[in-house]
Each structure stands twice: as structure tokens, then as C-alpha cells.
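# Coordinate inspection notes
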Amino acid sequence: SSAPSEKRRNEIPLWGNETTFNMNPLLANRILESDYFQSLSAMTTYHEVVDEIYHKVKNVEPWSPGTQRLPSTAFCLLTKLLTI
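The structure reproduced in this document is the subject of the present report. (Residues numbered from 1 in each chain as written. Predicted model: local features only at pLDDT ≥ 70, side-chain atom pairs only at ≥ 80, totals over all residues. Heavy atoms only, no water.)

### Description of the packing of helix α1 (residues 25-33) against helix α4 (residues 73-83)
Any two packed helices are characterised by how steeply their axes cross, that is the angle between the axes, and by the distance between the axes. Just so we agree on the cut-off: In this analysis, axes come from line fits to C-alpha atoms, helices being fitted only over the stretch in contact, and the angle between any two N-to-C directions falls in the range 0 to 180 degrees. Runs of H or I in DSSP of at least four residues are treated as helices and runs of E of at least two as strands, each being numbered from the N terminus. For classification purposes, angles smaller than 35 degrees are called roughly parallel, those larger than 145 roughly antiparallel, those between 65 and 115 roughly perpendicular, and all remaining angles oblique. Between two residues, a contact is recorded if the distance between any of their heavy atoms is within 4.5 Å. In the scheme used here, Gly and all other residues not listed as nonpolar or charged are polar, with Ala, Val, Leu, Ile, Met, Phe, Trp, Tyr, Cys and Pro taken as nonpolar and Asp, Glu, Lys and Arg as charged.
Put simply, α1 and α4 touch, their axes get as near as 10 Å, and they point 85° apart. In this view, α1 runs roughly perpendicular relative to α4, as classed from their interaxial angle. The segment α1 lies against α4, with Leu27, Ile31 and Leu32 engaging Phe75, Cys76 and Thr79. Its residues assigned to classes, the contact of α1 with α4 comprises five nonpolar, one polar and no charged.

See below:
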């Protein structure tokens, strides 16, 4: 039996806010509310998300280019990785 404080195998330790992952709260909320992020709910493995990153991510910035309202694909996928 393992102790409750023992880390799960292959788990990356995180530091900071477990809700916003140290992102701007507005960005974090927009990600969680976005249709794209919600469509990722069917993905349950790291490998599925990495494949999606490979095929969909063309740039890495918090907001979709040309907007200040839509979170970027990259940040939605980053959040998905943090919430698997």
C-alpha cells in the first residue's frame, strides 16, 4: 500500500493555483468555457492530446490571433494536458 502523499507514477508535479494553473483568471475561464476545450473532453490520454497538438497548433500565444476574446488552440490543449 502506498502513502497518500506519494506521487503517482509519471505525474508531473505542479506548483501554484490548481484551478487557473497560474494563468490570468480571465484566460483560464475563457478556456474552460470555450467550445473547443469542451470538445476535447473525449480525449483521455496524453497521446491523444499530443496528436491534436501536432495537427492543430501553428503558434503559441494565449489568445487566438486577431482576438482578445478567444483562447488559442495551444492554450486550450495545454489546459487539457494539465487536467487529464
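This is not the end of the story, as more comes after the structure.
### A short note on the environment of Thr83
Its place among the elements puts Thr83 in helix α4. As for Thr83 and Glu18, which are separated by 65 residues in sequence, their C-alpha atoms are 9.3 Å apart. Discounting chain neighbours no more than four positions away, the residues touching Thr83 are Phe21 and Phe37.

### Some points on the nonpolar core
The cut-off we apply is this: The criterion is simple. A nonpolar core is a set of buried Ala, Val, Leu, Ile, Met, Phe, Trp, Tyr and Cys residues joined through side-chain atoms within 4.5 Å. Each residue is assigned to one of three classes by its accessible area relative to the maximum for its type, calculated with a 1.4 Å probe on protein chains only: buried under 20%, partly exposed between the two thresholds, exposed over 50%.
Of all hydrophobic cores here, the largest spans 12 residues; its members are Phe21, Met23, Leu27, Ile31, Phe37, Leu40, Met43, Val49, Trp63, Phe75, Cys76 and Leu77. Those elements that place two or more of their residues in this core are α1 and α4. If you tally residues by element for this core, the top one is α4, at three residues.

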